[in-house]
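# Tertiary structure, described
Here is how the chains run, residue by residue.
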Amino acid sequence: MRLEKCWFCSSTIYPGHGITFVRNDATIFRFCRSKCHANFKLKRNPRKLRWTKAYRKLAGKELAQDTTFELERKRNRPERYNRELLCATMKGMKAITEIRKKRQDRFYDTRMQKARKQTRESEKKSLLKDIHLVKAPESLLKDKQQDLLLEKVAAEPVATVEQMDVQE
Amino acid sequence: MICRGTYLNISDNSGAKIVKCIGCNDGINVGDIITVTIKKTQKGKLNSKSVQKAVVVTTTKKLKRKDGSQYRFDTNTCVCVDSKLSIIGNRVMGATTYELRMYKLIKILSLTKICI
């Protein structure tokens, strides 16, 4: 049995799931669940909804263009049975899925590196802004004064051991 | 749901365009035969106000199959047939379903482009 893709969210439809809608001009729309079917009836655009594959690919959140996607494609040309070819494709399927997964993980990591920087900067900003929530302003002032004192002490020249010997 | 008084579209070129169901059993599904009167016509053999038999081809109500799949169509449509259940027109537009094979209406299936 063929595993079709949902027209709306492009997830796989397993047998016994979802509903197919046939328009008057005989075009077929397959939906994986009632959520997708209901959104289709509301005439919503899957490219504008964040949870669909179409949006995620368009917004650059997932790997969109890659050679590993070209294996899984609907081909209308009937292929003559060939044992060697079948074995080769079975092997290829496993290898290509592994490669695809690695590439997707790499893509995710590179995308998250930017996000990590952004979150760190924003957290830093919020900490500087709302420091009074962490420590009371009075104690902060005290700390500042103490720091100033310490700086002063550090700035003063300290007599070395040789100098002290000379003085004696 | 198709019952007495339901208006249906015609998807062949027999001459009828819109028909009204005047005789049917309860729970009409795809492949069932109903009697209709013709309300609107287009180019073809049949005239308006005549009484005809017709085979239901698609329904807006969900069509459930034993393998668990469900199908829904845009409109209720039927195809005009004579008393021997042979099709009057010579072309069928739009989609039809494989359930017609069960009722031995293979002529309709052979004329359609897309069977679902």
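It should be noted that the structure appears before, not after, this text.
A brief report on the enclosed structure follows. A quick note: this is a predicted structure, and the numbers were derived from the prediction, not measured.

### A few points about the side chain of threonine 68 of chain A
Locating threonine 68 of chain A in the fold gives a position in the loop between α2 (53-58) and α3 (83-129). If we skip the residues at most four places from it in the chain, threonine 68 of chain A touches Ile96, Ile99, Arg100 and Arg103 of chain A.

### Focus: a nonpolar patch on the surface
Residue and element names in this part refer to chain A. Where nonpolar side chains cluster on the molecular surface, the patch consists of Leu71, Tyr81, Leu86, Met90 and Met93 and spans about 530 Å² of accessible area. Its location among the elements puts methionine 93 in helix α3. The exposure class assigned to methionine 93 is partly exposed, which follows from its relative accessible area of 43%.

### Side note on the interface of chain A and chain B
Contacts between the two partners involve 13 residues from chain A, matched on the other side by 13 residues from chain B. Taken over both partners, the interface formed by chain A and chain B buries close to 1200 Å², and the fraction arising from carbon and sulfur atoms is 56%. Summed over the shared surface of chain A and chain B, the result is zero salt bridges. Going through the elements one at a time, β3 (19-22) and α1 (34-41) of chain A are the ones with two or more residues in the side of chain A that touches chain B. Counting residues per element, the side of chain A that touches chain B draws most heavily on β3 of chain A, at four residues. Considering only residue class, the side of chain A that touches chain B consists of six nonpolar, five polar and two charged.

### Points about unusual backbone geometry
All names here are of chain B. A positive phi angle, near 70 degrees, is found at lysine 49, a position not held by glycine. On the secondary structure map, lysine 49 appears in the loop between β3 (33-41) and β4 (51-58). Lysine 49 gets classed as exposed once you look at its relative accessible area, which sits at 75%. Unusually for a residue other than glycine, leucine 85 sits at a positive phi of about 60 degrees. Among the secondary structure elements, leucine 85 is positioned in the loop between β7 (77-81) and β8 (95-96). According to the relative accessible area criterion, leucine 85 is partly exposed, its value standing at 37%.

### Side note on the sheet that holds strand β1 (residues 7-10) of chain B
Residues and elements named next belong to chain B. Strand order in the closed barrel made by the five strands is β1-β2-β3-β4-β7, with mixed pairing throughout. For this sheet, the mean angle separating the axes of adjacent strands, direction not counted, is 55 degrees. As defined by bridge partners, β1 adjoins strand β2 (residues 16-23) across three bridges and the pair is classed as antiparallel. Its bridge partner being in β2, leucine 8 is matched across the sheet by valine 19.

### With respect to the packing of aromatic side chains
Residue and element names in this part refer to chain A. Under the definition given, this model contains nine aromatic pairs over all chains. Aromatic side chains tryptophan 7 and phenylalanine 29 sit 5.2 Å apart centroid to centroid with 85 degrees between the ring planes, which places their arrangement in the edge-to-face category. Taken as a pair, tryptophan 7 in the loop between β1 (4-5) and β2 (12-13) and phenylalanine 29 in strand β4 (residues 28-31) lie far apart in primary sequence, 22 residues in all. By relative accessible area, which is 6% here, phenylalanine 29 ends up buried. A centroid spacing of 4.9 Å and a plane angle of 45 degrees characterise the contact between phenylalanine 31 and phenylalanine 40, whose relative ring orientation is tilted. Cluster of aromatic residues (ring-pair linked, three or more members): Trp7, Phe8, Phe21, Phe29, Phe31, Phe40 and Trp51. Cation over ring: lysine 35 sits above tryptophan 51, and NZ or CZ is 4.0 Å from the ring centre. Here the guanidinium or amino end of lysine 57 rests over the ring plane of phenylalanine 69, the centre of that ring lying 5.0 Å away.

Quick notes on the rules
Residues numbered from 1 in each chain as written. Chains lettered and ligands numbered in written order. Predicted model: local features only at pLDDT ≥ 70, side-chain atom pairs only at ≥ 80, totals over all residues. Heavy atoms only, no water. Helix = DSSP H or I, 4+ residues; strand = E, 2+ residues; numbered from the N terminus. Contact = heavy atoms within 4.5 Å. Patch = residues over 30% accessible without salt bridge, like charges linked within 9 Å, V, L, I, M, F, W, Y side chains within 5 Å. Areas by Shrake-Rupley, 256 points an atom, 1.4 Å probe, with all protein chains shown as cover. Salt bridge = Lys/Arg side-chain N within 4 Å of Asp/Glu carboxyl O. Buried < 20%, exposed > 50% of the residue type's maximum accessible area, 1.4 Å probe, protein only. Buried area = accessible area lost by both parts, 1.4 Å probe. Nonpolar A, V, L, I, M, F, W, Y, C, P; charged D, E, K, R; others polar. Pairing = 2+ DSSP bridges. Axes fitted to C-alpha atoms, helices over the stretch in contact; angles between N-to-C directions. Phe/Tyr/Trp six-rings, centres within 6.5 Å; stacked < 30°, edge-to-face > 60°. Lys NZ or Arg CZ within 6 Å of the ring centre and 35° of its normal.

By themselves these figures say nothing about function.
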